[in-house]
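Below are the chains, spelled out letter by letter.
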Amino acid sequence: MGDKKKEKKISKSESEINSLKKERDDFKNIAARAQADLVNYRNRMKMELSEIETRGKKTVSLKVLSVIDEFDLALEGIVPIIDEAANSESANIVIDGLDIIREKFRATFESENISEITEIKIFDPVYHEALITTETDKYEPGAIIKILRKGYMMNDEVIRPAQVEIAKEKNEEKENE
């Protein structure tokens, strides 16, 4: 009779041990899933923060680019005036100083991977916004005649397309009339 009690106790203990092992395995699985969720959350947060930072840079850059456009226009307008008024050394110093400021703007943007769209000579709607089309036989159709406002890219993404004047094939009918 004592052996049966012992066997029941052993069988009860074994079932408790098996139950505890199963519970332990369940907790290990829960911990592993929680750890994976945490890693995924961290990665998602890094990506979201990077996107927020990029959007912020883009917004500020576009505002500063408008100021730079005005600065460039002022610089282009002041050089002929200074040259006409007096080709003095002090006038040249002012122009050189303004050129240095402009170069610092360019270097700052370059350090943030923002660059001017320059290499494309044929109209591409990804990089350009056509404001004017001009009928001409001096340029091939679709060629960029003039850049009206510079375009910029940040990390291979267009943040502001260049506004351009493009060539259009000359209409012969209008000339014959």
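Structural data are supplied above this passage.
The structure displayed is predicted, hence computed values, not measured ones. (Residues numbered from 1 in each chain as written. Predicted model: local features only at pLDDT ≥ 70, side-chain atom pairs only at ≥ 80, totals over all residues. Heavy atoms only, no water.)

### A closer look at the overall build of the protein chain
From N to C terminus, the protein chain includes three helices and six strands. For the protein chain, the N- to C-terminal ordering of α and β elements is α-α-β-β-β-β-β-β-α. Against the compact-globule benchmark of 16 Å for 177 residues, the protein chain has a radius of gyration of 35 Å, which places it well outside the compact range. Looking at the protein chain alone, contacts between residues at least 24 apart form 62% of all its contacts between residues at least 6 apart. Only carbon and sulfur atoms are counted for the fraction: they give 55% of the accessible area of the protein chain, which is about 13800 Å². (Helix = DSSP H or I, 4+ residues; strand = E, 2+ residues; numbered from the N terminus. Rg over C-alpha atoms; globule rule 2.2 N^0.38 Å. Contact = heavy atoms within 4.5 Å. Areas by Shrake-Rupley, 256 points an atom, 1.4 Å probe, with all protein chains shown as cover.)

### Side note on a nonpolar patch on the surface
Residues L131, I132 and L148 make up a contiguous nonpolar surface patch of about 230 Å² in total accessible area. Along the chain, the position of L148 falls in strand β3 (residues 144-149). The class of L148 is partly exposed, set by a relative accessible area of 37%. (Patch = residues over 30% accessible without salt bridge, like charges linked within 9 Å, V, L, I, M, F, W, Y side chains within 5 Å. Salt bridge = Lys/Arg side-chain N within 4 Å of Asp/Glu carboxyl O. Buried < 20%, exposed > 50% of the residue type's maximum accessible area, 1.4 Å probe, protein only.)

### Here we look at unusual backbone geometry
Positive phi outside glycine occurs at N113, with the angle close to 60°. By the element assignment, N113 lies in the loop between α2 (89-111) and β1 (114-116). Residues other than glycine seldom take positive phi values, yet N155 does so here, at roughly 50°. Mapped onto the secondary structure, N155 falls in the loop between β4 (152-154) and β5 (157-160). Relative accessible area serves as the criterion here: at 45%, N155 is assigned to the partly exposed category.

### Some remarks on the sheet that holds strand β2 (residues 128-136)
The strand order across the open sheet built from three strands is β2-β6-β3, with neighbouring strands paired in mixed fashion. Strands with a single pairing partner mark the edges of an open sheet, and in this sheet they are β2 and β3. Mean inter-strand twist for the sheet, computed between neighbouring axes without regard to direction, equals 25°. Note: β3 against strand β6 (residues 162-169), four bridges, orientation antiparallel. If you follow I147 over to β6, its bridge partner there is V164. (Pairing = 2+ DSSP bridges. Axes fitted to C-alpha atoms, helices over the stretch in contact; angles between N-to-C directions.)

### Let's talk about the pattern of salt bridges
Side chains that differ in charge, positive against negative, can pair when their charged atoms come close. Following the criterion strictly, the structure yields ten salt bridges and no others. R160 is paired through a salt bridge with D69; the nearest N and O atoms lie 2.8 Å apart. Of this pair, R160 sits in strand β5 while D69 sits in helix α1 (residues 2-85); the two residues are 91 residues apart in sequence, bridging distant segments of the chain. Using a relative accessible area of 14% as the deciding quantity, one classes D69 as buried. The salt bridge involving R106 is made with E110; its shortest N-O contact spans 2.5 Å. In this pair, R106 and E110 both sit in helix α2, four residues apart, roughly one turn of the helix.

### So, α2
For an α-helix, 3.6 residues make a turn, and residues three or four places apart therefore share a direction. A rise of 1.5 Å per residue sets the reference length of α2, with its 23 residues, at 33 Å; its end C-alpha atoms lie 33 Å apart and thus fit the reference within 8%. Listed in full, the buried residues belonging to α2 are A91, I95, R102 and F109. Positive backbone phi, at 60°, marks N113, one or two positions downstream of α2. (Expected span 1.5 Å × (residues − 1).)

### Observations regarding the sheet that holds β4
Across the sheet, which stays open at both edges, the three strands sit in the order β1-β4-β5 with antiparallel pairing between neighbours. Edge positions in the open sheet fall to β1 and β5, since each of these has one partner strand only. Adjacent strand axes in the sheet meet at a mean angle of 35° when their direction is disregarded. By the bridge criterion, three bridges tie β4 to β5 in an arrangement that is antiparallel. Residue pairing in the sheet places Y152 in a bridge with R160 of β5.

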